[in-house]
Amino acid sequence: MSNKELARNTSDKILALKDLVIHYETDEEVVEAVNGIELELEKGKVLGLVGETGAGKTTTALGIMGLLPSKVGHVVQGSIWLDGENLLEKSEREMRSVRGKKISMIFQDPMTALNPVKPVGEQIAEVVLLHNHCSKAEAIKRAQDMLAMVGIVPERYKEYPHQFSGGMKQRIVIAIALACEPDLLIADEPTTALDVTIQAQILDMMRKLQNDKGTSMILITHDLGVVAEMCDDVAVMYAGQIVEYGPLVEVFDNPKHPYTRALYKSIPSLDKDVERLNVIPGLVPDPSNLPAYCSFYERCQERCDKCKEFEPWAVEASLGHVARCIQYTPEWPADAKKGGEE
Amino acid sequence: MAELLMEVKNLKKYFFTPRGTLHAVDNVTFNIEKGKTIGIVGESGCGKSTLGKTLMRLHSATSGQVLYKGADIASMDIKQFKKNYRSHIQMIFQDPYASLDPRMSVFQLIQEPIKVQNKKMPKAEVEKKARDIMEFVGLAKRLEGAYPHELDGGRRQRIGIARALSLNPEFIVCDEPVSALDVSIQAQILNLLQDLQKERGLTYMFITHDMSVVKHISDDIAVMYLGQMIEKCEAKEIFRDTIHPYSQALLSAIPIPNVHEKRERMVLKGELTSPIDPKPCCRFAARCPYATDKCLAEEPVLRELKPGHSVACHFAEKFMK
């Protein structure tokens, strides 16, 4: 696949993934977690990475960070470009200066992401000391500023994680991630473990920080509501592939891939009354045994016999809006049904 | 007026901790009609699960009554409850990964409750019953010998539902049954629960923090905050006319998957205050943007503002549409 098909102007890219393939290899099987991802992120933009459990969202993020479980997880193919440098060519030592400084990650569960036996302030100062040439006093000052920025009084610098509530712990995790002002922030389900009112606070804060600092962001979530509120672009993942990619409004108003369409119909709506929810039949395919044809075929409500013949490729269905479905290629038979009718 | 299946009157469940008395469920009164679904909404720590477990007698109530078809199941002898009522009232648990014994096969898991309740039932009959239930909830026969770790979340939750249904209950407490599931699987389970309700005339108490799910499945909704019920009405009504400031905040906090509708959001300051020895004031006052001195001095009671719509707020009239 050439970059052209990933349909965006090629200026101002902070991150570019080219044909990224990641496998988990064990003695018994090979799990094909990520299968040829092409992705580009412009500076200062927020990209939403959406998909169900096992779609490969977190694996992609760990791949970018160079944090795949050693021995088991391998980048089999492709390249990861950050600001014009291929991260895969860097040594572990060099990666350590990239992580935390250039790319930061917020993990899903704030309860386990913090060190329970170290005061939270020190955990922030630690990152600052590691990546900047500064004195201890300066690092402490910076940590206190960061605490204030995420809405926690700096006097609580010396307190331990268990003394904070879930929402506050997530703020501290965010403070650690942003302490060195990274160019790229990867947030992996940052609000999934939190209550809605706390989620609203955290999202508000993240949006504000993103506006002020111009940080580029990849937001991994399964919540389409969060995506609608936070993102500029959306990539929908299924079975290790990006099945749809485009600007937020385009993807929401005019979903191209049958999976995206089905996903919208399966969530209960606050505005509309529906008797029965639309169900996507079946399950996500086993990543250790993916079919040679379209991986969504078995669950697709718009499929035709052609779909079973080969694996679809990403096509630009309309300007800047890419879908991986043969509906948008000349191979699609003219008499096949279209439009997502059941 | 439809037949009442359950009447909960002034139910309290306190936990006595070294730091003081934790008011998990505090003076809750409501009715559940037969064949209907009541949705209980609120944030973590508001007492929704404790309420569900107290109705089930998994916790014993501190005071108050739970009348099930007229009989007070909250105060009756636990042996008598288990013998006569346990099979009527069943529960579906939140986490299908944690609520199933990993060393039991699917078939054993579904037989277990039947065996416990009917000790003298012949083996063949138990097995037949379990098979019927499996078919009923959409678990394929080939899965009989499978163990929970081999199954995905949706199928595990079906086992949980099968276990609850195997005793032919009339009332099921569903404690966040879809929260741990992906959206496409969530839809399957919600549809299954609705079908079962239609076929068997089940009554549900549906505990969740997800407003869109509760709107979809419930007939009535009750919003809880720190152990108290603060708003109660028909499911659709709460979205038409949200009165309590907390309910308003809760609704406005939900991110809506619609890119054209940008709503004014009411972001609450702070977090839940402690439910340990709460002061006699409005429990939401600390976070409420409209709080006055009266709110800090006096505890509001749940009162009916218009037919079928009750709110616990001193200034409820002000927020009415």
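Reading the values: the criteria
In every chain, residue numbers begin from 1 and rise along the written sequence. Here chains are named by letter from A upward and ligands by number from 1 upward, in the order in which they appear as written. Note on the predicted model: pLDDT of at least 70 is required for a residue's local features to be given, and 80 or more for side-chain atom pairs to be given and counted; whole-chain, interface and lining totals, by contrast, use all residues. The helix and strand labels rest on DSSP assignments: H or I over at least four residues marks a helix, E over at least two residues marks a strand, and numbering proceeds from the N terminus. With the radius of gyration taken over C-alpha atoms, the globule rule is written as 2.2 Å times the number of residues to the power 0.38. Counting other C-beta atoms within 10 Å of its own, a residue is labelled buried from 20 upward, exposed at 12 or fewer, and partly exposed in the gap between, with every C-beta atom placed from the backbone. Criterion used throughout: strands pair if DSSP finds at least two bridges between them. What counts as an axis is a line fitted to C-alpha atoms, over the stretch in contact for a helix, and the angles between N-to-C directions run from 0 to 180 degrees. Note on contacts: residues are paired as contacts if their backbone-placed C-beta atoms lie within 7 Å. pLDDT runs from 0 to 100 and stands for how confident the predictor is about each residue. Buried Ala, Val, Leu, Ile, Met, Phe, Trp, Tyr and Cys residues whose C-beta atoms connect them within 7 Å together make up a nonpolar core. What sets the label is the angle itself: under 35 degrees gives roughly parallel, over 145 gives roughly antiparallel, 65 to 115 gives roughly perpendicular, and the rest give oblique. In a left-handed crossing the near helix is turned counterclockwise from the far helix by less than a right angle, and in a right-handed crossing that turn is clockwise. As a working rule, the residues Ala, Val, Leu, Ile, Met, Phe, Trp, Tyr, Cys and Pro are called nonpolar, Asp, Glu, Lys and Arg charged, and the rest polar, with Gly in that last group.

### Focus: the overall build of chain A
A count of helices and strands for chain A gives 10 helices and 12 strands. The globule rule puts the C-alpha radius of gyration for 342 residues at 20 Å, and the 21 Å found for chain A is close to it. Across its three principal axes, chain A shows a C-alpha extent of roughly 70 × 50 × 45 Å. Counting the 342 residues in chain A, one finds 48% classified as buried.

### Considering unusual backbone geometry
Not every positive phi belongs to a glycine, and Glu189(A) is a case in point at roughly 45°. Topologically, Glu189(A) is positioned in the loop between β7 (184-188) and α7 (196-213). Unusually for a residue other than glycine, Leu226(B) sits at a positive phi of about 45°.

### Focus: the sheet that holds strand β11 (residues 303-306) of chain B
All names here are of chain B. Sheet architecture is open: eight strands sit in the order β6-β7-β8-β3-β9-β10-β12-β11, paired in mixed fashion. Unpaired on one side and paired on the other, β6 (89-92) and β11 mark the two borders of the sheet. Going across the sheet, the axis of each strand differs from the next one's by a mean of 25°, ignoring polarity. Seen against the sheet, helix α1 (residues 48-55) touches β3 (37-41), β6, β7 (171-175), β8 (203-208) and β9 (220-225) and runs at an angle of roughly 150° to β8. Strands β6 and β7 of the sheet are contacted by helix α5 (residues 153-165), whose axis makes an angle of about 175° with β6.

### Here we look at the confidence of the model for chain B
Chain-level statistics for chain B give a pLDDT mean of 90 and a share of 100% at 70 or above. ipTM for the predicted complex: 0.80, alongside a pTM of 0.85.

### Brief notes about the nonpolar core
Ranked by size, the top nonpolar core spans 184 residues in total, and within it Ile124(A), Ala175(A), Ile186(A), Leu219(A) and Met205(B) carry the most contacts. In this structure, Ala175(A) is in contact with Ile124(A), Met146(A), Leu147(A), Met149(A) and Val150(A), ignoring residues within four places of it in sequence.

### Observations regarding the confidence of the model for chain A
Averaged over chain A, the pLDDT score is 87; the fraction of residues at 70 or greater is 94%. Throughout residues 1-11 of chain A the model reports pLDDT below 50, and contacts reaching past four residues in sequence, or to other chains, amount to 16 contacts.

### Examining the sheet that holds strand β6 (residues 103-106) of chain A
Residues and elements named next belong to chain A. If you trace the eight strands from one edge of the open sheet to the other, you get β6-β7-β8-β3-β9-β10-β12-β11, paired in mixed fashion. Lying at the two open borders of the sheet, with one neighbouring strand each, are β6 and β11 (315-318). Put simply, the sheet's adjacent strands are angled 20° from each other on average, direction ignored. Judged from the four bridges that link them, strand β3 (residues 46-50) and strand β9 (residues 233-238) form a sheet pairing that is parallel. What sits directly across from Gly48, in β9, is Val234.

### Points about the packing of helix α3 (residues 106-117) of chain B against helix α4 (residues 123-136) of chain B
Residues and elements named next belong to chain B. At a closest axis distance of 9 Å, the pairing of α3 and α4 adopts a crossing angle of 120°. One element, α3, and the other, α4, form an angle in the oblique class. The chirality of how α3 crosses α4 is right-handed. The segment α3 lies against α4, with Phe107, Ile110, Gln111, Ile114 and Lys115 engaging Val126, Glu127, Lys129, Ala130, Ile133 and Met134. Of the residues belonging to the contact of α3 with α4, the class tally is seven nonpolar, one polar and three charged.

### Structural notes on the interface of chain A and chain B
At the interface, 34 residues of chain A touch 30 residues of chain B. Contributing elements (two or more residues each) for the side of chain A that touches chain B: α7, α8 (224-230), α9 (248-253) and α10 (258-266) of chain A. The element contributing the most residues to the side of chain A that touches chain B is α7(A), with seven residues. Tallied by class, the residues present in the side of chain A that touches chain B amount to 17 nonpolar, 11 polar and six charged.

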